[in-house]
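If you want the building blocks of each chain, they are given just below.
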Amino acid sequence: METTDSPFANLNNVQGPLDRVKILQELERWKKLPPANVTPVILADLIGLHLGVNDEGGSSWGTRYGPWATFVRGNTNIEVPSRDELAPEMVDVWEQRAHAALHPVLRHRYADLVWDLSQLVRGGRPSVEFARLAIDAAIEGLRTRVLGRTVEAYNYADRALDLATSINDPSRAESVERALLEYERASARDSLAGTWGKSLDLILEGRSKLTEAEQTSVIGDMERRLERLAALVPPELNPHNVEAAAIRLAKYFQKNRRDADAARVVRVYAAAFRAASKAAQGMVATSWLEKVHAVLEQYGLKTDADALVPELREHGKRSVAELTSYSTTATFSEEQMAAFVNKLLAGDADTALLRLTVHFVPDRDKSEKKVREIAKQAVLSSMASKKIIDDDGRTIAVIGSVEDDIDGNVIQHISQNLRISSIFLRFSLEEAIRRIPLNVQSMMERFRSSPVFEEDMLPLVEEGLRHYFDGHYAAAMHMLTPQIEAAVRRLATLAGANIYKRNRNSKLLELRLLHDLLLDEHVVGALTPNVALYLRILLVDQRGWNLRNELCHGHLKAGYFTPALADRVLHALMLFFIRFEEKKSDAGTTD
């Protein structure tokens, strides 16, 4: 290997910018060295220059620098390198390197390693000299523009500012910021939003040491940049770049009580996205304008936000039209369906109805287990968030990743399975109607024996049932859905739950919402957690079917009043005579 005696020596000879890629490439070359030739000094370079950096919350060691890789082997977490591989002698090498380094990148790295890891590795505090060395190296690198890519240079500046703050050195902090401003003005490119805005960010964060005149000049730079960016037209117009400039300015103006200027730049931001959305896909345009609408309201521009609604609806409808359907098929023989329903409806009428009703209530624990199994097989999709849109393309719910939003993913999984199992529910109900028989009279006998159906509710229930058995599903759903809510409210009273809440404005008592009641511990205890969750998904959760709200708000179109949807309403209603008889029966459930 034709090299000098260490990775440090090779990198220290680099003239000009030294970025992370060059450093890692050099380290890869040295990893080919036979283990017997890896001296303690070379090992100190290989580890010190490769350690990962965690600016957010620190590494697993409780320090800024830490393992560059972590994985699980069996039940053990493996870190590379392990904490035990760091020896006090390594810190000695890093101290020497910090003083000997010619290149600012290396001087900053080694000095920062000493400052960050001395306590962990040697058990003693480092000299403040190394924090100062790291800060001064960053300043020199900014001024000479040798800190690698722009984003890397900004990271060095951030670290230098943090160090200056930690050692209470305002003079150095000011020097870092001035070097940063000079670097930004030399490196910024309008088309690359990541290359500008750092100096203004420091002003917004209240960390700036610049004079008032200098801060005004920074604002002027951003105003002129916004003007240039907003003057472009599609396809050259990049609304995200406009956003990066405009929102920074809006925050500054709002902070300084310049509301008219804040409104001005926010309108520029809105106009950019409105122009760009015309050529974007409907779903993209809708997502953009939903955010614009929220920002307009945030800055008090309600009239502008309201004026945006027609465009939102237009793009939303376009997004629905652009959606692609994916389908799959599954085949069940007549023998399989017959075997399923025979098992389900075995026994006397009460036992059969109990088994049928309980069988079609989803099990939350099993659903969560399935969601986690799927997440292991489809890792990338499990990490992504999902949006649920209505027929107008409006986002009505957002479900996070499996890790961050397990409840939302379970609800979505159950909601999808309800649609699949609707085929079996329909077949089962048709057979129950024929065999038990299940009809208005037999069902009303059971509803009359249930304490959750008050006498004046029963005529409405009976009329709804007649519509259902006559095949008038729209009328049946309109009649029966409110009776489910009334049954929940009556059950809440019987279970000891408070069905009222105090209105914050009028101070009067008003009925609690159905969603709140289905989360009440008394109601959940009476229904069981699985039944309460099922009713939430079916009736009031936007991540699920949300049937009660969609129906009452007039969102369901004629084509939605299908037998499958009416079957679910009937099934939900049946839960309220089954639950009170369940303890009297020893019937099990089928899976």
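Shown above is the structure to which this text applies.
Figured I'd write up the structure that's included with this text. Just so we're clear, the structure is a prediction, and the values are computed from it rather than from any experiment.

All chains considered together, the criterion is met by 47 salt bridges. Ionic pairing is found between Asp392 and Arg313, a salt bridge with its closest N-O pair at 3.6 Å. Of this pair, Asp392 sits in the loop between β5 (386–389) and β6 (395–399) while Arg313 sits in helix α14 (residues 302–322); the two residues are 79 residues apart in sequence, bridging distant segments of the chain. In this structure Asp392 comes out as partly exposed when scored by relative accessible area, which is 24%. You can call Arg313 partly exposed: its relative accessible area is 41%.

The next subject is helix α11 (residues 239–255). Spanning 17 residues, α11 covers 24 Å between terminal C-alpha atoms, matching the ideal 24 Å at 1.5 Å per step. Of all the 17 residues making up α11, 13 are buried; the element is thus mostly covered by neighbouring parts of the structure. By the N-cap criterion, in which a side-chain oxygen at the helix start approaches the backbone nitrogen of a residue two or three places on, α11 is capped by Asn238, the distance to His240 being 3.0 Å. Immediately beyond the C-terminal end of α11, within one or two residues, lies Arg257, with a positive phi of roughly 60°.

Our focus in this paragraph is the layout of surface pockets. By volume, the largest pocket amounts to about 1500 Å³. Along the walls of the largest pocket sit 44 residues, with Ile388, Ile389, Asp390, Asp391 and Ile396 positioned nearest its centre. Secondary structure elements with two or more residues in the lining of the largest pocket: α13 (282–298), α14, β5, β6, α19 (406–435), α26 (547–552) and α27 (563–581). A total of six residues in the lining of the largest pocket trace back to one element, the largest contributor, which is α14.

Now for the packing of helix α12 (residues 259–277) against α13. α13 packs onto α12 with a crossing angle of 165° between their chain directions and a minimal axis gap of 10 Å. Put simply, α12 runs roughly antiparallel to α13. As α12 runs across α13, the sense of the crossing is left-handed. On α13, the residues that touch Val266, Tyr269, Ala270, Phe273, Arg274, Ala276 and Ser277 of α12 are Ala285, Trp288, Leu289, Lys291, Val292, Val295 and Leu296.

Turning our attention to the side chain of Asp520. Looking at the element boundaries, Asp520 is found in the loop between α23 (514–517) and α24 (521–527). Looking at Asp520, its side chain comes within polar contact range of the side chain of Arg512, at 3.0 Å. Leave out the neighbours within four places in its chain, and Asp520 touches Ala497 and Arg512.

The rules behind these values
The numbers attached to residues start from 1 for each chain and follow its sequence in the written order. Given that this is a predicted model, residues contribute local features only at a pLDDT of at least 70 and side-chain atom pairs are listed and counted only at 80 or more, while totals for whole chains, interfaces and linings are drawn from all residues. The side-chain values count all of the structure's non-hydrogen atoms but skip hydrogen atoms and water molecules. Take a side-chain nitrogen of Lys or Arg and a carboxyl oxygen of Asp or Glu: if they are within 4 Å of each other, that pair is a salt bridge. Strands are runs of DSSP state E lasting at least two residues, helices are runs of H or I lasting at least four, and both sets are numbered from the N terminus onward. Each residue is assigned to one of three classes by its accessible area relative to the maximum for its type, calculated with a 1.4 Å probe on protein chains only: buried under 20%, partly exposed between the two thresholds, exposed over 50%. Take the number of residues in a helix, subtract one, and multiply by 1.5 Å to get its expected span. Here a polar contact is recorded for every N or O atom pair within 3.5 Å, except that within protein the pair must consist of a potential hydrogen donor and a potential acceptor, and residues adjacent in sequence are included only if both atoms are side-chain atoms. Both cavities and pockets are sets of points on a 1 Å grid over the protein atoms alone; in a cavity a 1.4 Å probe fits but cannot get out, in a pocket the set is open with protein on both sides within 12 Å along at least five of seven lines, and lining residues sit with an atom within 4 Å of a point. Grid points are joined across faces, edges and corners, and a volume is the space filled by probe spheres set on the points. Angles shown run from 0 to 180 degrees and are taken between the N-to-C directions of axes, each axis being a line fitted to C-alpha atoms and, for helices, limited to the stretch in contact. Any angle between 65 and 115 degrees counts as roughly perpendicular, while under 35 counts as roughly parallel, over 145 as roughly antiparallel, and the rest as oblique. Handedness of a crossing is defined here by the sense of rotation of the near helix relative to the far one, left-handed for an anticlockwise turn of less than a right angle and right-handed for a clockwise turn. What makes two residues a contact is simply this: any of their non-hydrogen atoms within 4.5 Å.

What is shown is where atoms sit, not what they do.
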